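# Coordinate analysis (summary)
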Amino acid sequence: MPLIIMTGASGSGKTAIANAIEVDHPSITVFRFDSIGVPSAEVMASLGTGHQPGGAWQRAMTLKWFERIAPIVASGKAVLFEGQMRIAFIQEALNAFTIENARVICVECDDSTRTHRLTHDRVEPELANESMMGWARYLHQEAIDAGCEILDTTNLSLADSVRPVLDELMPKIRTG
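Residues numbered from 1 in each chain as written. Predicted model: local features only at pLDDT ≥ 70, side-chain atom pairs only at ≥ 80, totals over all residues. Heavy atoms only, no water.

## Quick look at the pattern of salt bridges
The following threshold applies: One side-chain nitrogen of Lys or Arg within 4 Å of one carboxyl oxygen of Asp or Glu is enough to make a salt bridge. Here a strand is any run of E in DSSP of at least two residues, a helix any run of H or I of at least four, and the numbering for each starts at the N terminus. Type-normalised accessible area, obtained with a 1.4 Å probe on protein chains alone, sets the label of each residue: buried when under 20%, exposed when over 50%, and partly exposed for intermediate values.
Scanning the entire structure with this criterion turns up nine salt bridges. Between Arg 86 and Glu 142 there is a salt bridge, with its nearest N and O atoms 3.2 Å apart. Highlighted residues: Arg 86 in the loop between strand S3 (79–83) and helix H4 (87–96) and Glu 142 in helix H6 (residues 130–146), separated in sequence by 56 residues. When its relative accessible area of 11% is taken as the criterion, Arg 86 is described as buried. A single salt-bridge network, built from bridges that share partners, covers Arg 103, Glu 149 and Glu 168.

As structure tokens, then:
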């Protein structure tokens, strides 16, 4: 069974996709990077200031998550992991924990859709700023450079956004 990692900036749709898959497919283990919470600036600073953008804290937590995920994937369970992680950190973690059956998907949308989702759907207008839009552009370019799949949810329904992720997670049933 595979490991699918969805990364992308806030408002891209990755959490909505993960939630829908978790509800409809309880056999798939779903993890959310944000469930660990965000520590104080002091705690983040204690890990150093390198590895920008994303920072040393994001790198350290990505490695910690994959340490937890690796034995589940090794046991044969399908796992979906979503969060705002740099692809470079994901690749480092996959190598560190020798996870080979993994696929990284950068979930994204255009800036106006992101702004609408963050402002109206999530009621977090403070996240709809140039910093978030820049982060989305950075992750997009990192995905291109790494040869990762890009899932643009701008004009997709939730069901249409879920389908390609679910197709990767669920074993194909062959007939005939």
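## Side note on the pairing of strand S4 (residues 102–108)
For clarity, the threshold we go by: At least two bridges found by DSSP between two strands is the condition for calling them paired.
The element S4 is extensively covered by neighbouring structure, given that five of its seven residues are classed as buried. Relative to S4, strand S1 (residues 3–7) runs parallel, the two sharing five bridges. The residue bridging Met 6 from the neighbouring strand is Ile 105, located in S4. As judged from the four bridges shared by S4 and strand S5 (residues 149–152), these two strands associate in the parallel manner. For Val 107, the partnering residue across the bridge sits in S5 and is Leu 151.

## Regarding the state of the cysteines
Short version of the rule: The rule for a disulfide is simple: a pair of cysteine sulfur atoms within 2.5 Å.
Evaluated as defined, the whole model comprises zero disulfides. Cys 106 takes part in no disulfide bond, and the closest cysteine sulfur to it belongs to Cys 148, at a distance of 7.9 Å. Using a relative accessible area of 2% as the deciding quantity, one classes Cys 106 as buried.

## Let's talk about the packing of aromatic side chains
Formally: Aromatic pairing here means that ring centres of Phe, Tyr or Trp (its six-membered ring) are within 6.5 Å. Orientation follows from the plane angle: under 30 degrees is stacked, over 60 is edge-to-face, and everything else is tilted. A ring is scored as having a charge over it whenever the NZ atom of a lysine or the CZ atom of an arginine sits within 6 Å of its centre and within 35 degrees of its normal.
Counted by the stated rule, this structure contains five aromatic pairs. Where Trp 65 meets Phe 81, the ring centres are 5.3 Å apart and the plane angle is 45 degrees; that geometry is what we call tilted. Placement of Trp 65 in helix H3 (residues 55–74) and of Phe 81 in strand S3 is noted, with a sequence separation of 16 residues between them. In this structure Phe 81 comes out as buried when scored by relative accessible area, which is 0%. Taking 6.1 Å as the distance between ring centres and 5 degrees as the angle between the ring planes, the aromatic pair formed by Trp 135 and Tyr 138 counts as stacked. With a gap of three residues between them, Trp 135 and Tyr 138 both fall in helix H6, about one helical turn apart. One cation-aromatic arrangement involves Arg 86 over Phe 89; the distance from NZ or CZ to the ring centre is 4.9 Å.

## Re the sheet that holds S1
Where we set the bar: Axes here refer to lines fitted to C-alpha atoms; in helices the fit is confined to the stretch in contact. Angles between the N-to-C directions go from 0 to 180 degrees. Here, residues are in contact when the closest pair of their heavy atoms is within 4.5 Å.
Strand order in the open sheet formed by five strands is S2-S3-S1-S4-S5, and the pairing between neighbours is parallel. Pairing within the sheet leaves two strands with one partner each, and these edge strands are strand S2 (29–32) and S5. Sheet twist, expressed as the mean angle between neighbouring strand axes with direction ignored, is 20 degrees. Contacts from helix H7 (residues 158–169) reach S1, S3, S4 and S5 within the one sheet, and its direction differs from that of S1 by about 150 degrees.

## Focus on H7
Because each turn of an α-helix spans 3.6 residues, side chains separated by three or four positions in sequence point in the same direction. The following threshold applies: A helix is expected to span 1.5 Å for every residue after the first. Each direction from the helix axis to a C-beta atom contributes to the arc, which is the arc of those directions.
Taking 1.5 Å per residue as the helical rise, H7 with its twelve residues ought to reach 16 Å, and the 17 Å between its terminal C-alpha atoms agrees with that figure. All of the buried residues in H7 are Ser 161, Val 162, Val 165, Leu 166 and Leu 169. Buried residues in H7, looked at end-on, bunch into an arc of 120 degrees, giving them a common side. Elements in contact with the buried residues of H7: S1, helix H1 (14–24), S3, S4 and S5.

## Notes on the nonpolar core
Stated precisely, the cut-off is as follows: Only buried Ala, Val, Leu, Ile, Met, Phe, Trp, Tyr and Cys residues count toward a nonpolar core, and they belong to the same one when joined by side-chain atoms within 4.5 Å.
By size, the foremost hydrophobic cluster in this structure holds 30 residues, and its most contacted members are Leu 3, Ile 5, Phe 66 and Phe 81. Those elements giving two or more residues to this core turn out to be S1, H3, S3, H4, S4 and H6. When residues of this core are assigned to their parent elements, the largest contribution, eight residues, is made by H3. Apart from the residues within four sequence positions on either side, Ile 5 is in contact with Phe 66, Phe 81, Met 85, Ile 90, Leu 94, Ala 102, Arg 103, Val 104 and Ile 105. Grouped together as the second largest cluster of nonpolar side chains are 17 residues, Met 6, Val 30, Leu 80 and Val 162 included.

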